[in-house]
Structures are given as C-alpha cells and as structure tokens.
Amino acid sequence: MEEVISKKRIFSGIQPTNTPTLGNYLGALINWVKLQDDYECTYSIVDLHSITVRQDPAKLKKQILESYSLLLAMGVDPEKSTAFVQSHNCQHAELAWILSCYTQFGELSRMTQFKDKSAKHPENINAGLFTYPVLMAADILLYQADLVPVGQDQKQHLELSRDIAVRFNNIYGDVFKVPDPYIPKTAAKIASLQDPTKKMSKSDENPNASISVLDDRDTIIRKFKRAVTDSDTVVKYAEGKDGINNLMSIYSAVTGKTYEEIEKEFDGKGYGDFKLAVGEATADRLAPIQAEYARLAADKKYIEECMKLGAEKAFKTTRKTLQKVYKKVGFIVI
Ligand code: AQP
C-alpha cells in the first residue's frame, strides 16, 4: 500500500499595525508564498496582537482588510493554505487564557520585546503587552505547528512557546506538538533607510525610513535616493557600510543578482546610479503586487468570502486541540 506522508504544518502571522513594508515582504511574506507548495500553511493577520499598542479603530479596520488583501495579492492561496484574521477564530483567546495559567510571571518579565515596547510606550504598559508571548504560544500550539518561520526578534518568544508546550505535555501527556523555528535559506533582513543599524519597521514614524509595499514608483525612487549611506563612493559589500550593505541586500533580493554581480554592475559608477537602480528594481518588483491588490480591493465580496473560508478552516483545525486541552485540565466538554 502506498504510504501517505502528511505535510508538515507551518504557522505564521503578521500584525496589521500599518501597511506591510519591503522588510516584511522580503523578510517574511515572500517565503510564505513559496512554502505553500511543500507545507500545510496557516497564515494569520494577528489583529489581537496589534492592540497591545493603542490603535485607531477606523484605521485598524482598514489595515486588517488591506493586509489580508495584500497576502492574497502576493500569492497566498486561500484554498491551498489557511489565510485568516486572528480575531475570527475565538479559540486563540481561549487557549491563551489557559496557557497563561501555565506560564510564570518571571518568564514573561524576561522577554526583551516587553522591555523594549514598555520603554517605547511608557504611558501604556498594559497587561496584554506583558502576556503577548502567551497569545503567540496559543497561536502556534492550537494548530499543532511543526515549524514557525521567525525572525531574530521573535526567537525568544518561540522558545517560550516550546517551554509552555513541554510543561503542559509533562503534566497531561502528549497534547501539543513542540514547534521548531524555521529559518528559511534566503531570509533577507532589511534595515531602515534612514538608520541602517535599525530594522525597517512598519510603525517607524519617519516615512522616509521604510518602503511600504503600496508606495508608488516615484515615492519608492525618492526614498531610495534619500537613503542614508556613507562618505565612500564604491558600491561594495563591506563591514562598516551598513547603508550600502542594506541597499545591496534589497537589490539582490528583488533582482536575484549576487553581491559579486552587483559590485561588477556598478564598478566605476557612483552611489547615485546605484540608488536609482535599487529604486527602479524595487518598484518593478512591487508593481504586479500593487496591480493585483487594486483588483482585489475593488472586490470586497471576494475578500469577505476568503476571510470566511479562512476562519472556518482555522476554527475546524483548532477545535480538536482546544477540546483536548479542556478535557485534560478537567473541564466538561459538551
Ligand atoms: N525589516 C525586516 N526585515 C526582515 N523581516 C522583517 N519582518 C519585519 N520587519 C522585517 C518580519 O515580518 C514578519 C511580520 O512582522 P510583524 O507584523 O510580526 O511585526 P514586526 O516583526 O514587529 O514588524 P514591524 O514591521 O517592525 O512591525 P511593528 O512596527 O508593528 O512592530 C515577521 O516574520 C518579521 O520577522
């Protein structure tokens, strides 16, 4: 008899805190699309996470719709994968509560993101900001994910998810799959265009620091022209040239060229020519996504149907896990 090998499961999420940046795209979303062929993928717009920082409701609603539509425009297939909005599956919040009773105050106090974000928003150090990693653990463990694509910044949170899973399993038996990090072969780390020692971030207050995937061609080119570099003139990947290194990694990611090829291409040319080329190549790369996004944005009914389908698929998958958890802790499942 032919052996049926089931695909490994992947879970990943993105916060609808603003329009995704070129960093989100090249560092994460581009891989989400690729992974769909080889894995059973679940992708979420994690709106519950986004309110740990105060959001404007009308803007948030627009951003959830926009982020979701962009996922589809980039190539996430709602039939093949599960693409859903986190708040459409109430079981995330339910499991998060249970798991919070199996997570220690001391563990959460050690999370560097909590420390960073509380320093950034001293006026709003809310309990959600503190328990954010528990909700993240619930997101992952609910789907029995084998692998979680994570950037460096989320490694500590994934480690905690693993600790919580192991702790729960030690008490109640095999309930949760213990997830591993997935480090893609090509994971670009994109830095801010204004401060190349910092990551490009969608909530950066300086609009020139990041490229939104929906920026028009002129804006993209203008932002790259203004990108902070150094006083040297040679386009070369080297230590201490953070700005140029960042532009090279962007150019390499959008064109597929190696650093060596890029250095050759711009041999004898200045930073001005290089910046223009990076801007044009990035705009070319984003153009088809923007066109598809415009088409989808005009079809709200289709987007709503996809959201519903995603929510149903997500709920069905996670119901099994949550019922098992309820039984294990001693609740009556009716
Ligand atoms: N600059 C980046 N380079 C590479 N990857 C990046 N990611 C984010 N910024 C870069 C990856 O994108 C995925 C989704 O990110 P997120 O929505 O969870 O939020 P984040 O990591 O906190 O990204 P932002 O843009 O900086 O959001 P805000 O400003 O809201 O905090 C993740 O896989 C992340 O690694």
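Bear in mind the structure is a predicted one, so any value in this text is a computation, not a measurement. (Residues numbered from 1 in each chain as written. Predicted model: local features only at pLDDT ≥ 70, side-chain atom pairs only at ≥ 80, totals over all residues. Heavy atoms only, no water.)

A.B. asks: Kindly report on the state of the cysteines, identifying the contributing residues and their values.
C.D. replies: All chains considered together, the criterion is met by 0 disulfides. The thiol sulfur of C90 is not disulfide-bonded, and the nearest other cysteine sulfur, from C101, lies at 18 Å. We note that C306 lacks a disulfide partner, and the nearest cysteine sulfur, in C41, lies 16 Å from it. Exposure remark for C306: the relative accessible area of 4% places this residue in the buried category. (Disulfide = S-S within 2.5 Å. Buried < 20%, exposed > 50% of the residue type's maximum accessible area, 1.4 Å probe, protein only.)

A.B. asks: Please give an account of the site of the ligand that cites residues and values.
C.D. replies: For the ligand, the set of nearby residues contains 19 residues, the closest of which are T17, I190, S201, K202 and S203. Within the side chain of S203, a nitrogen or oxygen atom sits 2.3 Å from an oxygen atom of the ligand. Elements with a minimum of two residues in the shell around the ligand: β1 (9-14) and α1 (22-35). A total of 4 residues in the shell around the ligand trace back to one element, the largest contributor, which is α1. Here the residues of the shell around the ligand sort into 5 nonpolar, 9 polar and 5 charged. (Near = heavy atom within 4 Å. Polar contact = N/O pair within 3.5 Å; in protein donor to acceptor, adjacent residues only side chain to side chain. Helix = DSSP H or I, 4+ residues; strand = E, 2+ residues; numbered from the N terminus. Nonpolar A, V, L, I, M, F, W, Y, C, P; charged D, E, K, R; others polar.)

A.B. asks: Tell me about the pattern of salt bridges, and please be specific about residues and values.
C.D. replies: A complete count under the given rule lists 12 salt bridges for this structure. Between E40 and R9 there is a salt bridge whose closest N-O contact spans 3.3 Å. Residue E40 is found in strand β2 (residues 40-45), and its partner R9 is found in strand β1; the two are separated by 31 residues along the sequence. Overall, the relative accessible area of 37% leaves E40 in the partly exposed class. Notably, a salt bridge pairs D215 with K223, separated by 2.7 Å at the nearest N-O pair. In terms of burial, D215 and K223 fall into one category: buried. (Salt bridge = Lys/Arg side-chain N within 4 Å of Asp/Glu carboxyl O.)

A.B. asks: Talk me through the packing of helix α6 (residues 112-120) against helix α7 (residues 127-142); I want residue IDs and the actual numbers.
C.D. replies: At their nearest, the axes of α6 and α7 sit 9 Å apart, and the two run at 155 degrees to each other. Here α7 runs roughly antiparallel to α6, going by the angle between their axes. Once α6 is placed against α7, the crossing between them reads as right-handed. Side by side, α6 and α7 meet where Q113, F114, K117 and S118 of the first sit next to L129, F130 and Y132 of the second. (Axes fitted to C-alpha atoms, helices over the stretch in contact; angles between N-to-C directions. Parallel < 35°, antiparallel > 145°, perpendicular 65-115°, else oblique. Left-handed = near helix turned anticlockwise from the far one by under 90°. Contact = heavy atoms within 4.5 Å.)

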